[in-house]
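Observations on the three-dimensional arrangement
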Amino acid sequence: FIAERIIICVDISSELRATEQIPDITGTMRKTRIDLLKFAIRSFVFAKLRLSADHQICLCSYTDSNLAVVQTFTSDLELIMKKVASINYDILHVNDQLMDMSSVFGDL
């Protein structure tokens, strides 16, 4: 595999507070959209890094006007999983690296 540098940007908005009914073998569970999003990101990152440990992941979150770098490029699976778990509605207060959304690719 060719090493990839992957940027995952998460839109932190009020819609993520909504819940969804997810059927499973024991019945229907209610999950917030942010929990479902975290599950999807964890699954994707785990699969990519299992294919090649040379892939690097960068995790960002943004609102209407600002972007926060939650984790710069890394291949450290444990670190990425911890950062994904930290995603919440107040994520922009976790990191001082705020930037204009239009400059995301130049800054990373």
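The numbering scheme is per chain: residues are counted from 1 as the chain's sequence reads. Restriction of local features to residues with pLDDT of at least 70 applies here, the model being predicted, together with a cutoff of 80 or more for giving and counting side-chain atom pairs; totals for whole chains, interfaces and linings are based on all residues. Here the side-chain values reflect all heavy atoms present in the structure, with hydrogen atoms and water set aside.

**Focus: the confidence of the model for the chain**
Defined as follows: By definition, pLDDT measures how confident the predictor is in each residue, and it falls between 0 and 100. The numbering of helices and of strands both runs from the N terminus, where a helix is a DSSP run of H or I of at least 4 residues and a strand a run of E of at least 2. The contact definition used throughout considers only heavy atoms, calling two residues in contact when any of these lie within 4.5 Å.
This prediction gives the chain a mean pLDDT of 80; 80% of its residues lie at or above 70. Averaged over each element, pLDDT in the chain is lowest for strand β6 (residues 98-99) (46) and highest for helix α2 (residues 77-85) (95). Confidence drops under pLDDT 50 across residues 92-99; counting only partners more than four residues distant or on other chains, this segment forms 20 contacts.

**Structural notes on the nonpolar core**
Note the following rule: Working definition of a nonpolar core: buried Ala, Val, Leu, Ile, Met, Phe, Trp, Tyr and Cys residues. They are joined through side-chain atoms within 4.5 Å. With a 1.4 Å probe rolled over the protein chains alone, any residue whose accessible area is under 20% of its type maximum counts as buried; one over 50% counts as exposed, and the rest are partly exposed.
Counting residues in hydrophobic clusters, the biggest one holds 16 residues, and the most contacted among them are I8, V10, I41, V45, L59 and I87. If you list the elements that add at least two residues to this core, you get β1 (5-11), α1 (33-51), β4 (56-62) and α2. If you tally residues by element for this core, the top one is α1, at 4 residues.

**A short note on the packing of aromatic side chains**
Defined as follows: Two rings from Phe, Tyr or Trp (for Trp, the six-membered ring) form a pair when their centres sit within 6.5 Å of each other. Planes less than 30 degrees apart are called stacked, planes more than 60 degrees apart edge-to-face, and all others tilted. Distance and angle both matter: a charge sits over a ring if NZ of Lys or CZ of Arg is within 6 Å of the ring centre and within 35 degrees of the ring normal.
Inspection of the entire model under this criterion finds 0 aromatic pairs. Above the ring of F73, the side-chain terminus of R5 is found at 3.9 Å from the ring centroid.

**Structural notes on the pattern of salt bridges**
Spelled out, the test is: In what follows, salt bridge is the name for a side-chain nitrogen of Lys or Arg lying within 4 Å of a carboxyl oxygen of Asp or Glu.
By the definition in use, this model includes 2 salt bridges. Taking the shortest distance from any N to any O, the salt bridge between E4 and K48 comes out at 2.8 Å. On the criterion of sequence distance, the pair formed by E4 in the segment before β1 and K48 in helix α1 is long-range, its members being 44 residues apart. A salt bridge links E78 to K82; its shortest N-O distance comes to 3.4 Å.

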